[in-house]
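# Examining the three-dimensional arrangement
Here is how the chains run, residue by residue.
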Amino acid sequence: MKSVRGCTNQECDSYKENVHYKKDYDYCPKCGSKLMAVCRSRGCHTFLDNPDGIYCARCLAKRKDSADHAKKNITAIGGGLLVAGSFVAKNSKTIISVAAKAIKFLPK
């Protein structure tokens, strides 16, 4: 991903609408103000000190927290599936016999 730029003029429509421009633009096409690097996240219009940066510190922290949360959920689900799979493997004959008996009582 590449960095994007935003207008610095607070009265400009592109500033109010958080319009992002490619790095090739140096000036705002609507008002002519100098463009600066802004955070790439949707809805965030924080100006960046580092023009090569993509996200501000706050959005970068949110992305890392989201990734950590997803990793925790995946490990929890995977562990639950392993426990369920081992239970089925140990008791497969019992489960099959109970299912066969239950099928007999289903209405036809």
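Thresholds applied
- Residues numbered from 1 in each chain as written.
- Predicted model: local features only at pLDDT ≥ 70, side-chain atom pairs only at ≥ 80, totals over all residues.
- Heavy atoms only, no water.
- Phe/Tyr/Trp six-rings, centres within 6.5 Å; stacked < 30°, edge-to-face > 60°.
- Helix = DSSP H or I, 4+ residues; strand = E, 2+ residues; numbered from the N terminus.
- Buried < 20%, exposed > 50% of the residue type's maximum accessible area, 1.4 Å probe, protein only.
- Lys NZ or Arg CZ within 6 Å of the ring centre and 35° of its normal.
- Salt bridge = Lys/Arg side-chain N within 4 Å of Asp/Glu carboxyl O.
- Pairing = 2+ DSSP bridges.

Below, the discussion takes up the packing of aromatic side chains. Under the counting rule described, the total for this entry stands at two aromatic pairs. Seen from their ring centres, Tyr15 and Phe47 are 6.4 Å apart, and the 15° between their planes marks the pair as stacked. Taken together, the residues Tyr15 in helix 1 (residues 13–16) and Phe47 in the loop between strand 2 (35–38) and helix 2 (57–90) connect sequence positions 32 residues apart. On the accessibility criterion, Phe47 (30% relative accessible area) is partly exposed. For Lys34, the ring lying beneath its charged end belongs to Tyr27, and the centroid distance is 5.3 Å.

Before going further, it helps to spend a moment on the pattern of salt bridges. Using the criterion set out here, one finds one salt bridge in the structure. We note a salt bridge from Asp26 to Arg5, for which the minimum N-O separation is 3.3 Å. Here the residue Asp26 occupies a position in the loop between helix 1 and strand 2, and Arg5 occupies one in strand 1 (residues 4–7), the gap between them amounting to 21 residues. Owing to a relative accessible area of 17%, Arg5 belongs among the buried residues under this scheme.

Considering the arrangement of structural elements, one finds Asp68 in helix 2. Looking at Asp68, the relative accessible area reads 41%, which means it is partly exposed. Asp68 sits 60 residues away from Thr8 along the chain, and the two C-alpha atoms are 34 Å apart.

So, about the pairing of strand 1. Side-chain alternation along strand 1 places Val4 and Gly6 on one buried face and Arg5 and Cys7 on a second face that is also buried. Summarising the sheet, strand 1 and strand 2 pair through four bridges and their orientation is antiparallel. Residue pairing in the sheet places Val4 in a bridge with Val38 of strand 2.

Taken by themselves, the reported measurements are silent on function.
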